[in-house]
Amino acid sequence: MFVRTSAVRVQSIQAMRHPLAKLLIIGAVVLALFVIWRGFLYAPNDLADSGLNTNSAAVIGSISASEMPSRLIIPKLGIDSNVQRLGVTKSGNMAAPNNFTDVSWYKYGTAPGMTGSAVMAGHVDNALGTPAVFIDLNKLEIGDKVEVVRADGKRLRFEVVDKEIYPYDNSPLKRIFNASDGSYLNLITCQGEWVKEAKSARYRLVIYTKLIE
Amino acid sequence: MKISKFLVLPAALAIFAASVSTAGAQTFGPRVALQFGTNGLTSSLVASSTDAVIARLLLDTTGSTEAVRIDSLPLNLVTANGALASSLQNCRVFNESNLSATLNTSSSATTLFTGVNNIALNSSLILQPNTLTTLSFRCDVNGTLVAGGTYTVNMNTANVVATGASSGLPAAVTIRGSVVVPPVYVPPTTPGMPATGAGGEMAQNIAMLVASFLIAGLGFSSLKKRVI
């Protein structure tokens, strides 16, 4: 009698375990897929207003659609990357691309090739610590070439003229975004260790390039 | 059976009075209702931008017994909090079903002013009875846009000239609502530095991956036990 009761109890526990085990496996797979997607593919960039940050949103009147950049090419680093046209984040910072392979262009600034400072940014690594588009940006040296392909297919060539590293909270923003003595394209990425309180890397690497043709 | 004239007369009078009062509500003739829509207007205006939707207008001829003709749109612009009417330029009216052709003449309301802007149309807009037509009013926004300013667009029934397309009779016009364009947004020319490193989240993500493997392992071992 006792043996039979125990057997029934074991069977009922096993019957309960079966769907629970399946649920655990499905949950684990979903969690793993989410982490992989979040780590490799999607970079949340806290945009101020999605309407202002999409390619189709109203853009600066003085820049025609054909003059906007569509690709960034850096032959020395093997980079040939799509350009996202973005604005600002909720905290007023230039928006970074929402993935780890594209770069972002600050669409409320200057277009590459025009007088002023056009600015592009790209991630240095992804959320699993593997390399992103600008992982080797620090290998650029003065004299290296950078190219931008505009939406109309025109190719612009820039030359690296300076290379600086600044603290994340103390950069010469006017020099980076508002120079007016030439046609510049400035490339930005993160450097240094992670500052947990600021949720930011400690430094920013800025590569200053100037239009040559 | 004889019916008393004292009963017939009041009944006849009541029927006549009812028919007169119904006629007073104008069940015949051209009619159009103009309603300001709010869809697509959630984004703030941006300085130096093009083709910003200022207002959407739904023209409803439900109940009209003939087509309605409209030759102009008397849009009343009200500015507040320092907004300048002149910040809105190259203003155009479109039928939302065909955004490739403007409906207004190029000389009318290219730049807006505060008050009633009577926007003349290239050719008469003929609205068939019992139809809905959506128009949009779009402008370019120049660099003088004032941060925090608002624009309100409305219309006054008295200013709207709508007539029956065939009879020429004045149409009954109803106007519903107005539209307030959200506070303008002036993007910074010097934003802060972008956040371009995600590696700081690596430890957390790897921990989550390990946890997912452990959970999966637990599930598989539980399944295995059952099979044994």
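All figures in this text were calculated on a predicted structure; none of them were measured in a lab.

In this section: the nonpolar core. Ranked by size, the top nonpolar core spans 50 residues in total, and within it L72, M94, V119, M120, A121, L185 and I207 of chain A carry the most contacts. Considering each element in turn, this core owes the most residues, six residues, to strand β8 (residues 200-211) of chain A. The next biggest cluster of nonpolar side chains, apart from the first, holds 41 residues, and it includes L59, L75, F94 and V173 of chain B.

All right, on to the interface of chain B and chain A then. In this complex, chain B contributes 38 residues to the contact, which on the side of chain A involves 60 residues. In terms of residue count, the dominant contributor to the side of chain B that touches chain A is helix α2 (residues 202-227) of chain B (14 residues). Tallied by class, residues from the side of chain B that touches chain A come to 19 nonpolar, 15 polar and four charged.

Looking now at unusual backbone geometry. Residues and elements named next belong to chain A. Of note in the backbone geometry, K199 takes a positive phi value of approximately 50° without being a glycine. Mapping K199 onto the fold places it in the loop between β7 (183-195) and β8. Taking the C-beta count within 10 Å as the criterion, K199 has 11 such neighbours and is therefore assigned exposed.

Residue and element names in this part refer to chain A. With burial as the criterion, only one face of strand β5 (residues 145-150) is covered, namely that bearing V146, V148 and R150; the residues K145, E147 and V149 on the opposite face remain uncovered. The pairing of β5 with strand β6 (residues 155-167) spans five bridges and is antiparallel. Within β6, the position partnered with V146 by the bridge is F158. Here β5 hands over to β6 after four residues, with G153 in that stretch at a positive phi of 90°.

Residue and element names in this part refer to chain B. Note on placement: V116 falls in strand β6 (residues 115-127). For V116, a count of 14 C-beta atoms within 10 Å gives the class partly exposed. Residues V116 and L73, spaced 43 residues apart in sequence, show a C-alpha to C-alpha distance of 9.4 Å.

Turning our attention to the confidence of the model for chain B. In low-pLDDT regions, the fine details of the predicted coordinates are not to be read closely. Residue and element names in this part refer to chain B. Considering every residue of chain B, the mean pLDDT works out to 80; 82% of them sit at 70 or more. Summarising per-element confidence for chain B, the mean pLDDT is lowest in helix α1 (residues 5-24) (46) and highest in strand β9 (residues 162-164) (94). Here residues 12-26 is modelled with pLDDT under 50, and outside its nearest four sequence neighbours on either side it reaches two contacts, counting other chains as well. The ipTM, which scores confidence in the relative placement of chains, is 0.80 for this predicted complex, and the corresponding pTM is 0.60.

Residues and elements named next belong to chain B. Across the sheet, which stays open at both edges, the six strands sit in the order β5-β4-β7-β2-β1-β10 with mixed pairing between neighbours. Of all the strands in the sheet, the pair left with one neighbour each is β5 (98-102) and β10 (172-176). Averaged over all pairs of adjacent strands, the angle between strand axes in this sheet comes to 30°, irrespective of strand direction. Sheet topology note: the strand β1 (residues 31-37)/strand β2 (residues 49-60) ladder contains five bridges and is antiparallel. Counted as the bridge partner of Q35 is L58 from β2.

Let's shift gears to the environment of G129 of chain A. As for its position among the elements, G129 of chain A is in the loop between β4 (116-121) and β5. Exposure remark for G129 of chain A: the 15 C-beta atoms within 10 Å place this residue in the partly exposed category. As for G129 of chain A and G39 of chain A, which are separated by 90 residues in sequence, their C-alpha atoms are 8.2 Å apart. Filtering out sequence-adjacent residues up to four positions away, G129 of chain A remains in contact with G199 and M202 of chain B.

Rules of the game
- Residues numbered from 1 in each chain as written.
- Chains lettered and ligands numbered in written order.
- Predicted model: local features only at pLDDT ≥ 70, side-chain atom pairs only at ≥ 80, totals over all residues.
- Core = buried A, V, L, I, M, F, W, Y, C linked by C-beta atoms within 7 Å.
- Buried ≥ 20, exposed ≤ 12 C-beta atoms within 10 Å, placed from the backbone.
- Helix = DSSP H or I, 4+ residues; strand = E, 2+ residues; numbered from the N terminus.
- Contact = placed C-beta atoms within 7 Å.
- Nonpolar A, V, L, I, M, F, W, Y, C, P; charged D, E, K, R; others polar.
- Pairing = 2+ DSSP bridges.
- pLDDT = per-residue confidence, 0-100.
- Axes fitted to C-alpha atoms, helices over the stretch in contact; angles between N-to-C directions.

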